[in-house]
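Examination of the molecular architecture
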Amino acid sequence: MKRYLSAAAVLAAIVQPATAADLVKNTPATIGQQQDWSGAPVYPIYKGRVAVMDGRTLWYPQYGQRVRLVDVDACELPQWALDPKWGNRQRQKAPSPVPCGPLAKAWLKRTVGNKPVECSVVAYGNDGIPQARCTSAGRDIAAEMLRVGWARVASPYSYNSQYLAYQRHAMAARYGMWATYVLDMNEWRRKAVDKTLGRQPIADANLLAERESEISPPFIDARKKPKRTDR
């Protein structure tokens, strides 16, 4: 007499061994598929025309949103640089001032013009302002600022080889701020008491006289510290 297994028994005989094998074989894939990504941050993308606030900050009026260029830094608007060609130090009280903040803003404004800008946010600063990689007409805006020497790589440990290459070229050619004495931006922010647009160049000359670090041109005269002028 032939025996016939029930449908349930047949299904159990087929499924159970296969399930055990599949669990061992496919565990990583199964876990990966079951991960909950709902908590992962979703960064926005801003598109449209912008106003330039300073050498690293854009304003989207349609969003009411400021955006900063990521991985680069630039002189603040009230910050002054100084011309290293300081010939007659007896007659001239201090080196000639160079408005590195307004010049950085002017170059950024020239680069952007009236073209739409797309900024993909990659992080948020300590002040809550989005930091983004921004392009206009297919060009990386931060790279353009580095190329002309009115921005610097924000960290000496940057992983962005293209940014570092642009900066090295600008330094070697003495473009923009690399042809001046200018206090490191982070040190300037810490030490500058007066951060208004009416700040006088002499204030930065005195800060440079006691500097810890600076953005300097790659030639020997950059190591001659300016003398304090209020003594």
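Residues numbered from 1 in each chain as written. Predicted model: local features only at pLDDT ≥ 70, side-chain atom pairs only at ≥ 80, totals over all residues. Heavy atoms only, no water.

The next subject is the overall build of the protein chain. Assigned secondary structure in the protein chain consists of 7 helices and 13 strands. Going through the 231 residues of the protein chain one by one, you find that 39% of them count as buried. (Helix = DSSP H or I, 4+ residues; strand = E, 2+ residues; numbered from the N terminus. Buried < 20%, exposed > 50% of the residue type's maximum accessible area, 1.4 Å probe, protein only.)

This part covers the state of the cysteines. In this structure the tally under the stated criterion is 2 disulfides. At a sulfur-sulfur separation of 2.3 Å, the disulfide partner of Cys75 is Cys100. With the S-S bond torsion at -100 degrees, the cross-link from Cys75 to Cys100 turns out left-handed. Placement of the pair is Cys75 in the loop between β5 (72-73) and β6 (81-82) and Cys100 in helix α3 (residues 100-112), with a sequence separation of 25 residues. (Disulfide = S-S within 2.5 Å.)

Taking 1.5 Å of rise per residue, the 13 residues of helix α5 (residues 161-173) would be expected to cover 18 Å, and the 18 Å separating its terminal C-alpha atoms lies within 8% of that figure. Considered for burial, the residues of α5 that qualify are Tyr163, Gln167 and Ala170. One face of α5 carries all of its buried residues, which in axial projection span an arc of 65 degrees. More than 90 degrees from the buried face of α5, the exposed residues found are Ser161, Arg168 and Ala172. Taken together, the buried residues of α5 touch β5, β9 (130-136), β10 (139-140), α4 (141-148) and β11 (152-153). Its side-chain oxygen 3.2 Å from the backbone nitrogen of Gln162, Asn160 forms the N-cap of α5. Phi turns positive, to about 60 degrees, at Arg174, one or two residues after α5. (Expected span 1.5 Å × (residues − 1). Arc of directions from axis to C-beta. Contact = heavy atoms within 4.5 Å. Polar contact = N/O pair within 3.5 Å; in protein donor to acceptor, adjacent residues only side chain to side chain.)

Applying the stated criterion across every chain yields a total of 4 aromatic pairs. Between Tyr60 and Tyr63, the aromatic rings sit 5.7 Å apart at their centres with planes inclined by 65 degrees, giving edge-to-face as the arrangement. Taken together, the aromatic side chains of Tyr46, Tyr60 and Tyr63 make up a single cluster linked through ring pairs. The ring of Trp188 is capped by Lys195, whose NZ or CZ atom sits 6.0 Å from the centre of that ring. (Phe/Tyr/Trp six-rings, centres within 6.5 Å; stacked < 30°, edge-to-face > 60°. Lys NZ or Arg CZ within 6 Å of the ring centre and 35° of its normal.)

The topology assignment puts Ala81 in strand β6. Classification of Ala81 by relative accessible area gives buried; the value is 0%. Sequence spacing of Ala81 and Ser96 is 15 residues, and the spatial spacing of their C-alpha atoms is 8.6 Å. Beyond its immediate chain neighbours, meaning those up to four positions away, Ala81 contacts Ser96, Pro97, Val98, Cys100, Thr180, Tyr181 and Val182.

With that settled, consider the pairing of strand β1 (residues 45-48). In β1, alternate side chains face the same way, and those of Tyr46 and Gly48 are buried while those of Ile45 and Lys47 on the opposite face are not. Pairing analysis gives 4 bridges linking β1 to strand β8 (residues 117-124), with the strands arranged antiparallel. Looking across to β8, one finds that Ile45 is bridged to Ser120. (Pairing = 2+ DSSP bridges.)

In terms of nonpolar packing, the biggest core is built from 37 residues, with Leu58, Leu69, Leu108, Val117, Cys119, Cys134 and Trp150 touching the most fellow members. Of all elements in the fold, only β3 (57-60), β4 (65-69), α3, β8, β9, α4 and α5 reach the threshold of two or more residues within this core. Counting residues per element, this core draws most heavily on α4, at 6 residues. Formed by 9 residues, the second largest nonpolar core is a distinct cluster that contains Leu82, Ala94, Ala192 and Leu207. (Core = buried A, V, L, I, M, F, W, Y, C linked by side-chain atoms within 4.5 Å.)

Quick look at the confidence of the model for the protein chain now. Averaged over all residues, the pLDDT of the protein chain is 81; the fraction at 70 or higher stands at 74%. Within the model, pLDDT remains below 50 along residues 1-33, and this stretch shows 3 contacts once partners closer than five positions in the same chain are excluded. (pLDDT = per-residue confidence, 0-100.)

As a further point, take the pattern of salt bridges. For the structure shown, the criterion picks out 15 salt bridges. Taking the shortest distance from any N to any O, the salt bridge between Arg189 and Asp73 comes out at 2.7 Å. One end of the pair, Arg189, is in helix α6 (residues 185-191); the other, Asp73, is in strand β5, with 116 residues separating them in the sequence. With relative accessibility at 4%, the residue Asp73 sits in the buried group. (Salt bridge = Lys/Arg side-chain N within 4 Å of Asp/Glu carboxyl O.)

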